[in-house]
Amino acid sequence: MTTIAFIGLGNMGGPMAANLVKAGHTVQGFDLMPENLALAADYGITTMRDARSALEGAEVVVTMLPAGKHVLSVYEEITPWVASGALMIDCSTIDVESARKAHDIASRHGLLSIDAPVSGGTGGAAAGTLTFMAGGSTDSYSKAEPILQPMAGKIVHCGDPGAGQAAKICNNMILGISMIGVAEAFVLAEKLGLSHQSLFDVASTSSGQCWSLTTYCPVPGPVPNSPANRDYRPGFAAALMLKDLKLSQEAAQAAGAVTPLGAEATQLYALFNALGNGGTDFSGIIQFLRGKGE
Ligand code: NAD
């Protein structure tokens, strides 16, 4: 079993670290928020007074932080103190450029590293069924895989450093675009006098079929546990969807990719957020398309 330092014990990091404890690892955790540290202690995580003390005896360091600037600042702070040859795993969703910088910082200090963002939300974090998208060398990946296993439903090695983040933002750009497409179709159906259930029954078994329709249907009824059935409580908040869409557009610009629908989806979610809906599930964009955005 391994001693793991886990930094960032929020909505995702807390339950992920708890699954590492359940798998028999010793987890030394740190978070800036005392209430998250208290919750972590309830999960059996050994809570530490700062990031550096969490490194004591650690062979692996996992970070689960809000954005690229947090990851880079924590990497700059701790990598000089991490045991040589140890493995850094960053599970946060961040921009590809920062992810590559984080790999560079780790390698400067003789550390292995992977970027391993996740899909599956807080439910998947608690259940240990997240999908991990990993970027990094084969050596780093083989060392990381058994550590990720207790938190994962699926793990994909996507390629070189940064490839995990690239896969994550491409996937979430599809998701943002497809949710708007499905929501528009339901709004059109309403205007045409077609019932939600009829559109669902046809599209879910036709060429319009997609995850946003069959798992996360933005109208109540056809998929009983989708957020539409609980007044669009998240789930996956619109603020996080906007964050990921913005990352996709930054990457598209830097790489010279043409993503007009990704750009449009970013604008629509920016408007939806600006109307005060950042805490609403991202499928609530259907209300905005009906002209009831707030
Ligand atoms: P969160 O805000 O609940 O947790 C982040 C934690 O990091 C906070 O508790 C904060 O106090 C802590 N933190 C920030 N700076 C720190 C520092 N220097 N040292 C120690 N702790 C620090 O966010 P979350 O929902 O857990 O998301 C974490 C990451 O996972 C984000 O990048 C997010 O985009 C991604 N993600 C979230 C979801 C989701 O459904 N919530 C799904 C997939 C991916």
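For clarity, every value in this text was computed on a predicted model and none was experimentally measured. (Residues numbered from 1 in each chain as written. Predicted model: local features only at pLDDT ≥ 70, side-chain atom pairs only at ≥ 80, totals over all residues. Heavy atoms only, no water.)

**Some details on the packing of helix α8 (residues 163-192) against helix α11 (residues 238-255)**
Part 1: Close contact between α8 and α11 brings their axes to 9 Å; oriented N to C, the two are set at 120 degrees. The angle between the axes of α8 and α11 places the two elements in the oblique class. Seen from above, α8 lies across α11 with left-handed handedness. Here Lys168, Ile169, Asn172, Met173, Leu175 and Gly176 of α8 come into contact with α11, specifically with Met241, Asp244, Leu245, Leu247, Ser248, Gln249 and Ala251.
Part 2: Classifying every residue of the contact of α8 with α11 by side-chain character gives seven nonpolar, four polar and two charged. (Axes fitted to C-alpha atoms, helices over the stretch in contact; angles between N-to-C directions. Helix = DSSP H or I, 4+ residues; strand = E, 2+ residues; numbered from the N terminus. Parallel < 35°, antiparallel > 145°, perpendicular 65-115°, else oblique. Left-handed = near helix turned anticlockwise from the far one by under 90°. Contact = heavy atoms within 4.5 Å. Nonpolar A, V, L, I, M, F, W, Y, C, P; charged D, E, K, R; others polar.)

**Thoughts on the environment of Ala163**
Part 1: Take Ala163: it is sitting in helix α8.
Part 2: Judged by its relative accessible area of 17%, Ala163 falls in the buried class.
Part 3: On a C-alpha basis, the gap between Ala163 and Arg100 in space is 9.3 Å, while along the polypeptide they are 63 residues apart.
Part 4: Those residues within four positions of Ala163 in sequence are excluded, and the remaining contacts are Asp115, Gly135 and Cys158. (Buried < 20%, exposed > 50% of the residue type's maximum accessible area, 1.4 Å probe, protein only.)

**Structural notes on the site of the ligand**
Part 1: With respect to spatial proximity, 22 residues lie near the ligand, and among them Asn11, Met12, Asp31, Asn36 and Lys243 are the closest.
Part 2: Between an oxygen atom of the ligand and a main-chain N or O atom of Met12, the distance comes to 2.9 Å.
Part 3: Taking Thr93, its main chain carries an N or O atom lying 3.0 Å from an oxygen atom of the ligand.
Part 4: Protein chains bury 86% of the 830 Å² of accessible surface belonging to the ligand in isolation.
Part 5: When residues of the shell around the ligand are traced back to their parent elements, those giving at least two are α6 (121-127) and α11.
Part 6: Looking at side-chain class alone, the shell around the ligand contains 11 nonpolar, eight polar and three charged residues.
Part 7: Summarising the domain contributions, the shell around the ligand has at least three residues from each of domain 1 (3-160) and domain 2 (166-289). (Near = heavy atom within 4 Å. Polar contact = N/O pair within 3.5 Å; in protein donor to acceptor, adjacent residues only side chain to side chain. Areas by Shrake-Rupley, 256 points an atom, 1.4 Å probe, with all protein chains shown as cover. Domains from an automatic or database assignment.)

**Focus on α11**
Part 1: For α11, which comprises 18 residues, the first-to-last C-alpha distance of 25 Å matches the rise-based estimate of 26 Å (1.5 Å per residue) to within 8%.
Part 2: Burial in α11 covers these residues: Ala238, Met241, Leu242, Asp244, Leu245, Leu247, Ser248, Gln249 and Ala252.
Part 3: Backbone geometry just after α11 places Gly256 at a positive phi near 75 degrees. (Expected span 1.5 Å × (residues − 1).)

**Quick word on the layout of surface pockets**
Unfilled space is identified by rolling a water-sized probe across the atoms.
Part 1: By volume, the second largest pocket amounts to about 340 Å³.
Part 2: Mapped by element, the contributors of at least two residues to the lining of the second largest pocket are α5 (96-108), α8 and α11.
Part 3: Sort the elements by how many residues they give to the lining of the second largest pocket and α11 lands first, with seven residues.
Part 4: By residue class, the composition of the lining of the second largest pocket is 11 nonpolar, two polar and four charged.
Part 5: Each of domain 1 (3-160) and domain 2 (166-289) contributes no fewer than three residues to the lining of the second largest pocket. (1 Å grid on protein atoms, 1.4 Å probe; cavity = no way out; pocket = protein on both sides within 12 Å on 5 of 7 lines; lining within 4 Å. Points joined across faces, edges and corners; volume = space filled by probe spheres on them.)

**A few points about the domain arrangement of the protein chain**
Often the size quoted for an interface is simply the accessible area lost on bringing the parts together.
Part 1: Considered domain by domain, the protein chain is made up of domain 1 (3-160) and domain 2 (166-289).
Part 2: Taking only C-alpha atoms, the centre of domain 1 and the centre of domain 2 are 29 Å apart.
Part 3: Residue-level contacts link 11 residues of domain 1 with eight residues of domain 2.
Part 4: Of all residues in domain 1, Thr93, Val96 and Met133 give up the largest surface area on contact with domain 2, accounting jointly for 52% of the area buried on that side.
Part 5: Between the two partners, domain 1 and domain 2, sit zero salt bridges.
Part 6: Where domain 1 meets domain 2, there are three residue pairs in polar contact (both at pLDDT 80 or more).
Part 7: Per-class residue counts for the side of domain 1 that touches domain 2 are eight nonpolar, two polar and one charged. (Buried area = accessible area lost by both parts, 1.4 Å probe. Salt bridge = Lys/Arg side-chain N within 4 Å of Asp/Glu carboxyl O.)

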